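# Observations on the model geometry
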Amino acid sequence: MSNMFAEWDKAYDAKAMKEEVKEAAEKSKDFEDLKPGTYPVYVKQMELTETKETKAPMLAIQLKVSEGEFKGRMMFVNFVLTSPYVIHKANTFLKGLGTDVTVEFDSYKQYDDMLEDIYEWTENHECDYDVEYSITESKGKSYNEYKVVAVYSN
């Protein structure tokens, strides 16, 4: 086993790594997690993708904070679309975006096409939103919750 550590010490510059860890710690203070609250945001990206580990279908939405103390920070809203309840929650969020696109689930291909239409609509209408972010506890686990509370469009 001790050979393994010697090999790692040769392969990686531990002194440089120590300094980089220090720098990363300082920079991470600029990117602390968003606290629960309501944030002014716009839709930066929206896609149907898959989870890294299980390859399950997932709706991934990136929202960018547009004003205030956290301006420029990203909010990641993800829904793993493998249960009717989560699809319902995703649909509720998407309906809250206030587009004229009908939000429904018929198939994953249809859902992907619908997401493209929703994203395009938010872009064309230069939409901004107030999104409420909260953390709920259930059965000993924490869950991030997101709710659109106001829509602003041109």
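Look above for the structure.
Residues numbered from 1 in each chain as written. Predicted model: local features only at pLDDT ≥ 70, side-chain atom pairs only at ≥ 80, totals over all residues. Heavy atoms only, no water.

Once that is clear, we can look at the overall build of the chain. The number of helices and strands found in the chain is four helices and five strands. Over its C-alpha atoms the chain spans a radius of gyration of 20 Å, topping by over 25% the 15 Å that the globule rule assigns to 154 residues. With respect to the three principal axes, the spread of C-alpha positions in the chain is 60 × 35 × 35 Å. Counting over 154 residues, the chain shows a buried share of 29%. Carbon and sulfur atoms provide 51% of the accessible area of the chain, an area that totals close to 10700 Å². If you average the places of the 19 positive and of the 30 negative side-chain charges in the chain, the two averages end up 7 Å apart. (Helix = DSSP H or I, 4+ residues; strand = E, 2+ residues; numbered from the N terminus. Rg over C-alpha atoms; globule rule 2.2 N^0.38 Å. Buried < 20%, exposed > 50% of the residue type's maximum accessible area, 1.4 Å probe, protein only. Areas by Shrake-Rupley, 256 points an atom, 1.4 Å probe, with all protein chains shown as cover. Lys, Arg positive; Asp, Glu negative; His and termini not counted. Charge placed at Lys NZ, Arg CZ, Asp CG, Glu CD.)

Now for helix H3 (residues 84–96). An ideal rise of 1.5 Å per residue puts 18 Å on 13 residues; H3 measures up with 18 Å between its terminal C-alpha atoms. Buried within H3 we find Ile-87, Ala-90, Asn-91, Phe-93 and Leu-94. Looking straight down H3, one finds that the buried residues subtend no more than 160° of arc, so they occupy a single side. Relative to its buried face, H3 has exposed residues pointing more than 90 degrees away, namely Tyr-85 and Lys-95. Looking at the buried side of H3, the elements it contacts are strand E1 (37–50), strand E2 (57–65), strand E3 (74–80), helix H4 (108–124), strand E4 (128–138) and strand E5 (141–152). Gly-98 sits one or two positions beyond H3 and adopts a positive phi of about 70°. (Expected span 1.5 Å × (residues − 1). Arc of directions from axis to C-beta. Contact = heavy atoms within 4.5 Å.)

With that out of the way, let us pick up the layout of surface pockets. The volume enclosed by the largest pocket comes to roughly 450 Å³. Phe-79, Tyr-85, Lys-89, Asn-144 and Glu-145 are the residues nearest the centre of the largest pocket, which is lined by 16 residues in total. Taken together, the elements giving at least two residues each to the lining of the largest pocket come down to E3, H3 and E5. Taken together, the residues that form the lining of the largest pocket break down as nine nonpolar, four polar and three charged. (1 Å grid on protein atoms, 1.4 Å probe; cavity = no way out; pocket = protein on both sides within 12 Å on 5 of 7 lines; lining within 4 Å. Points joined across faces, edges and corners; volume = space filled by probe spheres on them. Nonpolar A, V, L, I, M, F, W, Y, C, P; charged D, E, K, R; others polar.)

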